[in-house]
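Descriptive analysis of the structure
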Amino acid sequence: MAGCRGSLCCCCRWCCCCGERETRTPEELTILGETQEEEDEILPRKDYESLDYDRCINDPYLEVLETMDNKKGRRYEAVKWMVVFAIGVCTGLVGLFVDFFVRLFTQLKFGVVQTSVEECSQKGCLALSLLELLGFNLTFVFLASLLVLIEPVAAGSGIPEVKCYLNGVKVPGIVRLRTLLCKVLGVLFSVAGGLFVGKEGPMIHSGSVVGAGLPQFQSISLRKIQFNFPYFRSDRDKRDFVSAGAAAGVAAAFGAPIGGTLFSLEEGSSFWNQGLTWKVVRRTFSESLNHTPRITLGVPYSLFCSMSATFTLNFFRSGIQFGSWGSFQLPGLLNFGEFKCSDSDKKCHLWTAMDLGFFVVMGVIGGLLGATFNCLNKRLAKYRMRNVHPKPKLVRVLESLLVSLVTTVVVFVASMVLGECRQMSSSSQIGNDSFQLQVTEDVNSSIKTFFCPNDTYNDMATLFFNPQESAILQLFHQDSTFSPVTLALFFVLYFLLACWTYGISVPSGLFVPSLLCGAAFGRLVANVLKSYIGLGHIYSGTFALIGAAAFLGGVVRMTISLTVILIESTNEITYGLPIMVTLMVAKWTGDFFNKGIYDIHVGLRGVPLLEWETEVEMDKLRASDIMEPNLTYVYPHTRIQSLVSILRTTVHHAFPVVTENRGNEKEFMKGNQLISNNIKFKKSSILTRAGEQRKRSQSMKSYPSSELRNMCDEHIASEEPAEKEDLLQQMLERRYTPYPNLYPDQSPSEDWTMEERFRPLTLHGLILRSQLVTLLVRGVCYSESQSSASQPRLSYAEMAEDYPRYPDIHDLDLTLLNPRMIVDVTPYMNPSPFTVSPNTHVSQVFNLFRTMGLRHLPVVNAVGEIVGIITRHNLTYEFLQARLRQHYQTI
């Protein structure tokens, strides 16, 4: 960083200009009891961008509002409803495509291998059967890994990335068409390849990509296909559609439209209070969501999109599998079937009040198991980032093949050797509808009899040598008993292999592996209670379901949405209370040890994710303690050479529009008071940028950059003490050219003195980098000899035409523009951005920033001067903790 005067990313301590890391003291690296000294070496925090959810109400936008009438408004709403419906339909078709080919490849693989096993069991050539299974699995996994090499973002479930996007962080490549193709094809091969992964998580990511791309009618992967679609050209609209697509993905995966809607709120939406979720559950059915405009617009669209996805998938799957189009018997990719006691067992009940005690204990155990799973997976992820990711990409493929090899061998050997022959049950649960009949047929047809005599089955092979969905149905609905030893071995092996698998370079979901692992745990508890304690009323399927909920809740830490998803998947409303109790207990238990798996992977990626709220002790800090006073700003009328210099030498995405004019204000000093517009302020209460910077420079704690510290130290050493100068009086004595005729020849420079750099500035608005680049590209400027009224005007559509990929200032040829020409940015800036006072408590700053979806929050003092700016990085947990420690040290 020698010679670099670039600004530092507040969260990750990276220099934005030269890209080098700024080292921190060990005291600053201790977060949540963990020393991040080793973690920072392998987990570099990246400079993620934020989304612009706040609406910029500038002149072009007001012109659109002026021309808006009822007819145009109804047309806009109609187009939005049609787009939402199209997103749901496309998401359902994506799920249909994945399900069809997964079934096709899985049936082909197991059909060939099972035939070989039956023949080789008598001839003694089981090694050949193992080689056949290895050939299928390794081929499929190799193809899935190659697709991830094409688009690395396609790896994993995609839920952490979608959560970051909905939280307001722009993750590169997360919603691209190429990501969707690699994700869909990759999860198809990874599931068919026998890995312990699910397709439900990637379905949520796929729905989000569809929601992001479909309303744009363009893709960077298909540059030649362009449609002139003037609607939804902002991050605000795009994020709403991404949220609807995520909800549609959940609905397609589980057949749970309401659960999908709540999932997009609980796991994704940044502008939602979790305390209001129960109100939404009540109001969703009554369609009376009238709390705020954000809620009123978001929930109906997401719910309608989820319904569309469920309808589409249900329609085609029912027609393909049952041959009866329009029967709507298969609502989602994962269906649990009907839970019903056998007619021959009169003592059986789905659950009783006494069982709630067992469910609470299972929730505690599920939380402990989930915390253990997350801890092990986090260590594996760190190991991969330290030893696998820095190496050539081929190493990632080899790791995936190694996991596939070990998984295949374990599955084959366990199915052949570790299973027990169990007696088949004579009773069967035959429902009245074709769907339940299909479930019963799936349960009976998936029973494996490897090396077992007639009327018996191999319980381990029945669980391992089947698709995961079939194994779940076995644990939920198989009347015959599974050996406790088999269930325990299956749980341990599946737990370890699933933990190892999640995080390798293949598209992989976590819902189905967690459900299957938890179902084995629940079935084991039911066997123990029935066989060793003598509780004959217990229904094993209920305990398997509660075990699945406990383990899944302990891993992902979801409560409300997961409850509704499981209720809709089982179609049994009486399970609402036990599932909710189990999930809450599992979440509380797991949260005592670590975070949910998605939050852990978000943290490993270094994403500046904002939590729901700050801790109470953070109110000891104020906005002035966390803001950035070293600003880069523009003037209302600035020469092109100054704008180009600013854009090419900084990486900021918004700039305050300021003036140094005090001529239009009547202010004077009298004693120790500042009188401005007949309002009295104490002189000591007026915070200035120069004073704040001087205080931070003296404390040597705010700016870790040695260059900036040295600059401040040299300046302080060469001047008189701060007590002998009156910065406020100097500020009031200055007179500058009146606004709006200010167009200085020089942009703010690093060579300026302290007083020049931190001079008093009156805030007039905010303008984005993308807006400035658009003005330069389109030649919006006027000459010094002309009036600003002669400057060309751009419409709202022209300003948003290049969305979402605006030109890079470094790639533009601006030689045709006269550098002495002037740009009037006032018509295009946001004249009324949200602002806070320097004395605002951090909790209030945090709530305003998160609730309104802001990207930049100016800090303005009592006389209208901007004294700093707050971004997402200033509100992360790590940054606030560091500031709080500094606060304690200065007390």
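Look a little higher up for the structure.
To keep things clear, this report deals only with the structure shown in the data block. The structure displayed is predicted, hence computed values, not measured ones.

**With respect to the pattern of salt bridges**
All chains considered together, the criterion is met by 15 salt bridges. Between Arg 793 and Glu 63 there is a salt bridge whose closest N-O contact spans 3.7 Å. Note that Arg 793 is positioned in the loop between α29 (769-777) and α30 (796-799) and Glu 63 in helix α2 (residues 59-67), a separation of 730 residues in sequence. Overall, the relative accessible area of 49% leaves Arg 793 in the partly exposed class.

**Some words on unusual backbone geometry**
Leaving glycine aside, a negative phi is the common case for residues, and trans is the common case for peptide bonds. We note that Arg 557 has phi near 60°; this positive angle belongs to a residue other than glycine. By the element assignment, Arg 557 lies in the loop between α19 (540-556) and α20 (560-570). Using a relative accessible area of 5% as the deciding quantity, one classes Arg 557 as buried. Despite not being glycine, Asn 571 has its phi angle at roughly 60°, a positive value. Take Asn 571: it is sitting in the loop between α20 and α21 (576-591).

**Describing the side chain of Asp 355**
Position of Asp 355 among the secondary structure elements: in helix α12 (residues 355-387). No salt bridge is formed by the buried Asp 355, whose closest oppositely charged neighbour, Lys 530, lies at an N-O distance of 11 Å. From its side chain, Asp 355 meets the backbone nitrogen of Thr 352 in a polar contact 2.9 Å long. Residues within four places of Asp 355 in sequence aside, it is in contact with His 537 and Phe 543.

**Observations concerning the environment of Ala 192**
Turning to its location among the elements, Ala 192 is positioned in helix α6 (residues 177-192). Ala 192 sits 275 residues away from Pro 467 along the chain, and the two C-alpha atoms are 8.6 Å apart. Beyond its immediate stretch of four places on either side in the chain, Ala 192 contacts Phe 105, Thr 106, Lys 109, Asn 137 and Phe 140.

**With respect to a positive patch on the surface**
Taken together, the side chains of Lys 71, Lys 72, Arg 74 and Arg 75 present a region of like positive charge at the surface. Mapping Arg 74 onto the fold places it in helix α3 (residues 70-123).

**Digging into the packing of helix α5 (residues 159-167) against helix α22 (residues 597-604)**
Direction vectors running N to C along α5 and α22 enclose 75°, while the axes themselves pass 9 Å from each other. As far as their axial angle goes, α22 and α5 are roughly perpendicular. In this structure, α5 uses Ile 159, Pro 160, Lys 163 and Cys 164 to contact α22, whose residues at the interface are Tyr 598, Asp 599, His 601 and Val 602.

Rules used in this analysis
Residues numbered from 1 in each chain as written. Predicted model: local features only at pLDDT ≥ 70, side-chain atom pairs only at ≥ 80, totals over all residues. Heavy atoms only, no water. Salt bridge = Lys/Arg side-chain N within 4 Å of Asp/Glu carboxyl O. Helix = DSSP H or I, 4+ residues; strand = E, 2+ residues; numbered from the N terminus. Buried < 20%, exposed > 50% of the residue type's maximum accessible area, 1.4 Å probe, protein only. Lys, Arg positive; Asp, Glu negative; His and termini not counted. Polar contact = N/O pair within 3.5 Å; in protein donor to acceptor, adjacent residues only side chain to side chain. Contact = heavy atoms within 4.5 Å. Patch = residues over 30% accessible without salt bridge, like charges linked within 9 Å, V, L, I, M, F, W, Y side chains within 5 Å. Areas by Shrake-Rupley, 256 points an atom, 1.4 Å probe, with all protein chains shown as cover. Charge placed at Lys NZ, Arg CZ, Asp CG, Glu CD. Axes fitted to C-alpha atoms, helices over the stretch in contact; angles between N-to-C directions. Parallel < 35°, antiparallel > 145°, perpendicular 65-115°, else oblique.

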